[in-house]
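# Topology and contacts: notes
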Amino acid sequence: MYFYALMDLIIRNIGFIAGTETLPVEYKAGINMSDLGIVRNGFIIVRDGLISGWGRMEEMPSVKEGDYRIVDAEGRCVLPAFCDSHTHLVYAGSREQEFVDKIKGLSYEEIALRGGGILNSARLLHETSEEDLYGQSMVRINEIIGQGTGAVEIKSGYGLNTEDELKMLRVIRKIKETSPLEVKATFLGAHSLPEEYRSERNRYIELIINEMIPAVAAEKLADYIDVFCDTGFFTAEETDKILKAAVKHGLTPKIHANELGFSGGVSVGVANRALSVDHLERTGDEEIEVLKGSGTMPTILPGSAFFLGLPDPPARKMIDAGLPVAIASDFNPGSCPSGNMKLAVSIACIRLKMTPEEAINAATLNSAYAMGLSKTHGSVATGKVANLIITKPVPSVSYIPYAFGSDLVETVIIRGRIIQKL
Ligand code: NIG
Ligand code: FE
């Protein structure tokens, strides 16, 4: 990957720009998710890493030759870079043996009960140095940049003891310092109960509350607190307790809920003013009611439902009920070993019956909201950070999720810098 020096840019002759906003909103909900702000035959001006103007070619202001690097899009499509508001991409090794076990009939829960799954990754992470973990994670970071991601949230949760959780969060901090991406960090000590606490769950919850959260807050290592509130993991009551303790330390909740069962996590998340509740494979009318008007972003992770063969989250029903929906990848070694947001968008269209416009809004603006970034990221609006994708030549926006196996991301621009894919 090669980063060009920061230079002001004019992208001209854009076949269509997706994701434009004249009056930026924090997120799009219900029927408004169908509006992708498409502008045909357009231009975008980038100054000092920010979008300083956009419009139709005939309105393009004349500028002094030489002040800008001119990029001729020759009819290609430009869209906002993806915002991936839910990943676990800092991990050690991989778990393809469990992939094979699943093919042969074991479920995610059965693998977890045998000490596999998250605990398997925790063992691997424990044996891996901070430096090695950073190196392995940067390979994934460079991969997702090439796939068009411009902002990413990354969770801890494969440490499951204070020292290893802090190790993960320090790796996330180093990624933030060394990659061009906008990075948000989430503390997920309550990802799984470590083996040694099996008969005394309360002691682990006390450890999270009394030791881990204060340590994470003291080093300012996280923006968010997450809990895996689900069958076989943490209960709604435990989640409530952990969220309340973390909020006192300045962490905002974002939780995993209803992946494996009706966990009650949606209500607990909303009651604790969570920024997002994520997964939602099992979501009924009651949860939809709770989410209405809450400010909590329902976030679906189409890649993990697909990979694990879970019921599909009712995204269509949520949008038809007037809710917003965000899409994230869930990039992790157990339930979605891919951070490809374009693929997540395709799965959302193919399986969840979201339209291409809805799915792209969900993976850009709404996912930016779910990581506290929608004022600066997630759309093509004057003043926002210039995080953009220029696609290969495509005939329409719908073609992007339709060609689900094609890499259509030709050029990625992050903070106004063109990133050359090697
Ligand atoms: O979001 N659900 C919990 N956490 C991840 C899976 C983590 C793993 O299996 O390593 C998820 O699916
Ligand atoms: Fe997850």
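As a convention, each chain's residues are numbered from 1 in the sequence order in which they are written. Each chain takes a letter, starting from A, and each ligand takes a number, starting from 1, following the order in which they are written. Only residues with pLDDT of 70 or above have their local features reported here, since the model is predicted, and side-chain atom pairs are shown and tallied only from 80 upward, although totals for entire chains, interfaces and linings are computed over all residues. With hydrogens and water stripped out, all remaining heavy atoms of the structure feed into the side-chain values.

## Examining the domain arrangement of the protein
Put simply, the test is: Segmentation into domains, and thus their bounds, comes from an automatic or database assignment. Contacts are residue-level and defined by heavy atoms, with any inter-residue pair within 4.5 Å sufficient. Buried area: the accessible surface (1.4 Å probe) lost by two parts on joining, summed over both. Salt bridge, as used here: a side-chain nitrogen of Lys or Arg that lies within 4 Å of a carboxyl oxygen of Asp or Glu.
Looking at the protein, the domain boundaries give domain 1 (2–80 + 377–421) and domain 2 (83–369). The gap between the C-alpha centroids of domain 1 and domain 2 is 29 Å. Taken together, the contacts link 35 residues of domain 1 with 35 residues of domain 2. Counting the surface lost from both domain 1 and domain 2, the interface buries some 2800 Å², and carbon and sulfur atoms represent 68% of this. Three residues, Tyr-27, Met-33 and Pro-401, lead the burial of domain 1 against domain 2; their summed loss comes to 23% of the area buried on that side. For the pair domain 1 and domain 2, the interface holds 1 salt bridge.

## Looking at the environment of Phe-234
The test is simple: Secondary structure follows DSSP: runs of H or I at least 4 residues long count as helices, runs of E at least 2 residues long count as strands, and numbering of each begins at the N terminus.
Positionally, Phe-234 belongs in the loop between strand E10 (224–229) and helix H7 (236–248). Sequence-wise, Phe-234 and Leu-193 are 41 residues apart; in three dimensions their C-alpha atoms are separated by 8.1 Å. When sequence neighbours within four positions are dropped, the list of residues in contact with Phe-234 reads Ala-190, His-191, Ser-192, Leu-193, Arg-201, Tyr-204, Ile-205, Val-227, Phe-228, Cys-229 and Thr-239.

## Some remarks on the coordination of the iron ion (ligand 2)
Applied cut-off: Keep in mind that water is not among the atoms, so a site may look incomplete; donors are the N, O and S atoms within 2.8 Å of the metal, or 3.2 Å for Na, K and Ca. For each residue, the accessible area found with a 1.4 Å probe, counting protein chains only, is set against the maximum for its type, and the residue is called buried under 20%, exposed over 50%, and partly exposed in between.
The iron ion (ligand 2) binds to the protein through His-86 (NE2), His-88 (NE2), His-256 (NE2) and Asp-330 (OD), with metal-donor distances spanning 2.1 to 2.3 Å. Here the donor residues for the iron ion (ligand 2) map to a single chain with the spacing H-x1-H-x167-H-x73-D. Here His-88 is found in the loop between strand E7 (82–84) and helix H1 (96–103), whereas its partner His-256 is found in strand E11 (residues 252–257), with 168 residues between them in sequence. Under the relative-accessibility criterion, His-88 is labelled buried at 2%. The buried category is assigned to His-256, whose relative accessible area is 2%.

## Describing the side chain of Thr-20
This is how it is decided: Under this definition, polar contacts are N or O atom pairs within 3.5 Å; protein pairs additionally need one hydrogen-donor-capable and one acceptor-capable atom, and for neighbouring residues in sequence, both atoms have to be side-chain atoms.
Checked against the element boundaries, Thr-20 lands in the loop between strand E2 (9–17) and strand E3 (39–47). Among the polar contacts made by the side chain of Thr-20, one reaches the main-chain carbonyl oxygen of Gly-37 at a distance of 2.5 Å.

## Re helix H6 (residues 201–218)
Note the following rule: Residue count minus one, scaled by 1.5 Å, sets the expected span of a helix. Here the bend at each residue means the angle between axes fitted to two seven-residue stretches, the one ending at that residue and the one beginning there.
The terminal C-alpha atoms of H6, which comprises 18 residues, lie 25 Å apart, in line with the 26 Å expected from a rise of 1.5 Å per residue. At Ile-208, H6 is deflected by roughly 35°, the largest bend along its length. Every buried residue of H6 is accounted for by Tyr-204, Ile-205, Leu-207, Ile-208, Ile-209, Met-212, Ile-213, Val-216 and Ala-217. Of the surrounding secondary structure, the elements contacted by the buried residues of H6 are helix H5 (162–178), strand E9 (182–190), E10 and H7. Taken from the residues just after H6, Lys-220 is the one with a positive phi, measuring 50°.

## Focus: the sheet that holds E10
Test applied: Strands qualify as paired when DSSP identifies two bridges or more between them. Fitting a line to C-alpha atoms yields each axis, with helices limited to the stretch in contact; the angle taken between N-to-C directions then spans 0 to 180 degrees.
With parallel pairing, the 8 strands of this open sheet are ordered in space as E7-E8-E9-E10-E11-E12-E13-E14. Whereas interior strands pair on both sides, the edge strands pair on one side only; in this sheet they are E7 and strand E14 (326–327). Pairing between E10 and E11: 4 bridges, direction parallel. Looking at the pairing, Ile-225 lines up with Pro-253 of E11. Seen against the sheet, H7 touches E9, E10 and E11 and runs at an angle of roughly 175° to E10. On the sheet, helix H12 (residues 341–352) packs against E7, strand E8 (149–155), strand E13 (297–300) and E14 and is oriented at approximately 85° with respect to E7.

## What about the site of ligand 1?
Worth spelling out the cut-off: Proximity is defined per residue: if any heavy atom of the residue lies within 4 Å of a molecule or strand, that residue is considered near it. For this classification, the nonpolar set comprises Ala, Val, Leu, Ile, Met, Phe, Trp, Tyr, Cys and Pro, the charged set comprises Asp, Glu, Lys and Arg, and every other residue, Gly included, is treated as polar.
Neighbouring ligand 1 are 15 residues; Tyr-108, Tyr-158, His-191, Glu-259 and Ser-335 lie closest to it. A distance of 2.8 Å is found between an oxygen atom of ligand 1 and a side-chain nitrogen or oxygen belonging to Arg-95. In the environment of ligand 1, a nitrogen atom lies 2.8 Å from a nitrogen or oxygen atom belonging to the side chain of His-191. Per-class residue counts for the shell around ligand 1 are 4 nonpolar, 8 polar and 3 charged.

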